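Chain by chain, the residues run as shown.
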Amino acid sequence: MFRLQAVPIDCAALNRELAAPGAGALVSFEGRVRNSNEGRSVDRLEYEAYPGLAEREMKRILAEAGERFPLLGLACVHRTGALEIGDVAVWVGALSGHRGEAFEACQFVIDELKHRVPIWKKEHYTDGDAEWVNCARCAEHAGHRHPSTK
Amino acid sequence: MFRLQAVPIDCAALNRELAAPGAGALVSFEGRVRNSNEGRSVDRLEYEAYPGLAEREMKRILAEAGERFPLLGLACVHRTGALEIGDVAVWVGALSGHRGEAFEACQFVIDELKHRVPIWKKEHYTDGDAEWVNCARCAEHAGHRHPSTK
Amino acid sequence: MKIQVDYFARLRELRGLSSETCITEAPTVGDLYEELNRAHGFGMDREHLRAAVNDDFSSWNRSLCEGDRVVFIPPVAGG
Amino acid sequence: MKIQVDYFARLRELRGLSSETCITEAPTVGDLYEELNRAHGFGMDREHLRAAVNDDFSSWNRSLCEGDRVVFIPPVAGG
């Protein structure tokens, strides 16, 4: 199960819903909004997703995890819109018979999500500046490599 | 923080209590009672702890985790007494700036707990039999190695 | 040929809109990006982007078809 | 010498009690275990147990002192 939602993520309910009589381990991950990133003081964040492709790619990631690890349940929810410090941006839960595979699956899903799923984060800093994460550097880098195209 | 308790573990409250403005990642582990173990059908469990030493050893484990990983919070709660299938036997939560260390710390704590902390589990099987986990084999093994002392 | 282009995140802000219909003769997805980049000066090199057509990832040399929905994907930062 | 011995889990069940005061001349923790094992037939080899004295782990060759509280720890199975 994957969904994008604009309202707060109810991690407690999601953890409870992941249940099976054969389950010995639930590993869950909450990605929360930090008050700083790479040395800059963060005031709040905005998340924007490309829903059609984000959902499709996340389903592939969940299916890949299901092939790699013997799981009894696996789910992920990602926020969109404006978030404050401490808010949960993403939740992943992995349920299995034994703990090793639950840890591995949970970490696999969040690692792949961060690399592959079209969701973007704009950081608003306490100094009033704002930036799309990863993107400023990419534009600089592009400029640096091909100054004539700037 | 570590505690032993005879009442159900409120994982939702424990996860909420682990919070800090610099925290980007909470990894939590719920060890739940499975309906089977090593091919035998389990009906219910009993956990028994040696409180004085369990608390002392768990504090050492949490301190070791704190030395290995840059954490913003780390806690563990273990149930004692009678548990049913699906009940949470143990909860571990690790809070940190970034997810890598939260996953590692959470897994470190549960791995060390299982090896080092004087807590015992008696499995009651659906066939009416009951056994202290790890201990039957240990007694057999002892008998096998030193038959004359049996 | 009519192509729908949707914009997200930094590209949406740079373009100043979320979606537009382009009339183009660009044979491939990559050619369309170069055309739009020349027109609007996104300042982002193609090697830092990915392309999607009709809600799935696409190679840059995929041929465009009438009615395709194209998205250029800046570096992602979910989680 | 009076030593308090507490029992947990399988050893508690085998001994049929949670705690007892032993009057012993055993010089070490290991000797005390052998004495009790001979008396009660726990059937568990010392190499599968750990010892604790006064709520901390102890070596088997630790000398016993009047009033020590001793626990023999069967293989643990928390979590």
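Just above, that's the structure.
Residue positions are given per chain, counting from 1 as you read along its sequence in written order. Chain A is the first chain written and ligand 1 is the first ligand written, with later ones labelled in order. Selection of residues for local features in this predicted model requires a pLDDT of at least 70, selection of side-chain atom pairs for listing and counting requires 80 or more, and totals for whole chains, interfaces and linings are taken over all residues. By convention in this description, side-chain values take in all heavy atoms of the structure and omit both hydrogens and water.

Q: What's the story with the packing of helix 3 (residues 99-116) of chain A against helix 3 (residues 99-116) of chain B in this structure? I'm lost.
A: Two measures define how a pair of helices packs: the angle their axes make with one another and the distance between the axes. The axes are straight lines fitted to the C-alpha atoms, using for helices just the contacting stretch, and the angles between their N-to-C directions are given from 0 to 180°. Secondary structure elements follow DSSP: runs of H or I no shorter than four residues count as helices, runs of E no shorter than two count as strands, and numbering proceeds from the N terminus. Running from amino to carboxyl end, helix 3 of chain A crosses helix 3 of chain B at an angle of 180 degrees, the nearest separation of the two axes being 11 Å. Here helix 3 of chain A is positioned roughly antiparallel relative to helix 3 of chain B, judged by the angle of their axes. Along its contact with helix 3 of chain A, which presents Arg99, Gly100, Phe103, Cys106, Gln107, Ile110, Asp111 and Lys114 of chain A, the element helix 3 of chain B presents Arg99, Gly100, Phe103, Cys106, Gln107, Ile110, Asp111 and Lys114 of chain B. Looking at side-chain class alone, the contact of helix 3 of chain A with helix 3 of chain B contains 6 nonpolar, 4 polar and 6 charged residues. Angular relationships are summarised with four words: roughly parallel below 35 degrees, roughly antiparallel beyond 145, roughly perpendicular across 65 to 115, and oblique for the angles in between. Whether two residues touch is decided by their heavy atoms; if any such pair falls within 4.5 Å, the residues are in contact. Under the grouping applied here, Gly and all other residues not named as nonpolar or charged are polar, the nonpolar ones being Ala, Val, Leu, Ile, Met, Phe, Trp, Tyr, Cys and Pro and the charged ones Asp, Glu, Lys and Arg.

Q: Sorry, what's going on with the interface of chain B and chain D here?
A: How big an interface is tends to be reported as the loss of accessible area on association of its parts. Tallying the contact residues gives 34 residues for chain B and 25 residues for chain D. Interface area for chain B against chain D, summed over the two sides, is near 2500 Å², with a carbon-plus-sulfur share of 58%. Summed over both partners, the accessible surface that disappears when two parts come together, traced with a 1.4 Å probe, is what is meant by buried area. When the buried area of chain B at its contact with chain D is split by residue, Tyr50, Trp120 and Trp132 of chain B rank highest and sum to 24% of it. Basic side-chain nitrogens of Lys or Arg form a salt bridge, by our definition, when they fall within 4 Å of a carboxyl oxygen of Asp or Glu. Summed over the shared surface of chain B and chain D, the number is 4 salt bridges. Residues adjacent in sequence count toward polar contacts only when both atoms are side-chain atoms; beyond that, a polar contact is any pair of N or O atoms within 3.5 Å, and within protein one must be able to donate a hydrogen and the other to accept it. Here chain B is connected to chain D by 15 residue pairs in polar contact (both at pLDDT 80 or more). A per-class count over the side of chain B that touches chain D returns 19 nonpolar, 6 polar and 9 charged.

Q: Quick question: what am I supposed to make of the interface of chain C and chain A here?
A: Contacts between chain C and chain A engage 25 residues on the former and 34 residues on the latter. Of the charged contacts in the structure, one is a salt bridge between glutamate 13 of chain C and lysine 122 of chain A, with a shortest N-O distance of 2.5 Å. Inspection of the region where chain C meets chain A yields 15 residue pairs in polar contact (both at pLDDT 80 or more). Taken together, the elements giving at least two residues each to the side of chain C that touches chain A come down to helix 1 (9-15), strand 4 (56-58) and strand 5 (69-73) of chain C. For the side of chain C that touches chain A, the per-class residue count stands at 12 nonpolar, 5 polar and 8 charged.

Q: Help me out: how do you make sense of the pattern of salt bridges in this one?
A: Pairing between side chains becomes possible if they bear opposite charge and their charged atoms approach one another. Here the structure, examined in full by the defined rule, presents 36 salt bridges over all chains. Ionic pairing is found between arginine 32 of chain A and glutamate 30 of chain A, a salt bridge with its closest N-O pair at 3.0 Å. Comparing arginine 32 of chain A with glutamate 30 of chain A, the two get one shared label, buried. One salt bridge in this structure joins arginine 60 of chain B and glutamate 57 of chain B, with 2.8 Å as the shortest N-O distance. For each residue, the accessible area found with a 1.4 Å probe, counting protein chains only, is set against the maximum for its type, and the residue is called buried under 20%, exposed over 50%, and partly exposed in between.

Q: Even after reading the chapter, I still don't get the environment of valine 133 of chain A, so can you show me in this structure?
A: When you line up the elements, valine 133 of chain A lands in the loop between strand 9 (130-132) and helix 4 (135-145). Here valine 133 of chain A is in contact with Lys121 and Glu123 of chain A together with Pro75 and Ala77 of chain C, once residues within four sequence places are set aside.

Q: For this particular structure, what's the right way to read the side chain of serine 58 of chain D?
A: Residue and element names in this part refer to chain D. Here serine 58 shows up in strand 4 (residues 56-58). Residue serine 58 is classed as buried on the basis of its relative accessible area of 15%. Other than its neighbours up to four places away in sequence, serine 58 contacts Val29, Ala51, Ala52 and Val53.

Q: Sorry if this is basic, but what is going on with the sheet that holds strand 1 (residues 2-6) of chain D here?
A: The strands that make up a sheet pair up through hydrogen bonds in the backbone, lying either parallel or antiparallel. Residues and elements named next belong to chain D. What the 5 strands build is an open sheet, ordered 2-1-5-3-4; its pairing is mixed. Both outer strands of the open sheet, strand 2 (19-23) and strand 4, are each paired with one neighbouring strand and no more. Going from strand to strand, the sheet's axes swing by 35 degrees on average, the running direction of each strand aside. Paired strands, in this sense, are two strands between which DSSP finds at least two bridges. As paired strands, strand 1 and strand 2 are joined by 5 bridges and run antiparallel to one another. Opposite aspartate 6, over in strand 2, you have serine 19 as the bridge partner.

Q: Any chance you could explain the pairing of strand 3 (residues 50-53) of chain C here in plain terms?
A: A regular strand places its side chains so that they alternate between the two faces of the sheet. All names here are of chain C. One ladder, built from 4 bridges, connects strand 3 with strand 5; its direction is antiparallel. Its bridge partner being in strand 5, valine 53 is matched across the sheet by valine 70. Two strands pair when backbone bridges link them, and strand 3 and strand 4 are joined in this way by 3 bridges, in the antiparallel orientation. Note that in strand 4 the partner of alanine 51 across the bridge is serine 58. Where strand 3 folds back on strand 4, the antiparallel hairpin that results is connected by 2 residues, among which asparagine 54 adopts a positive phi of roughly 50 degrees.

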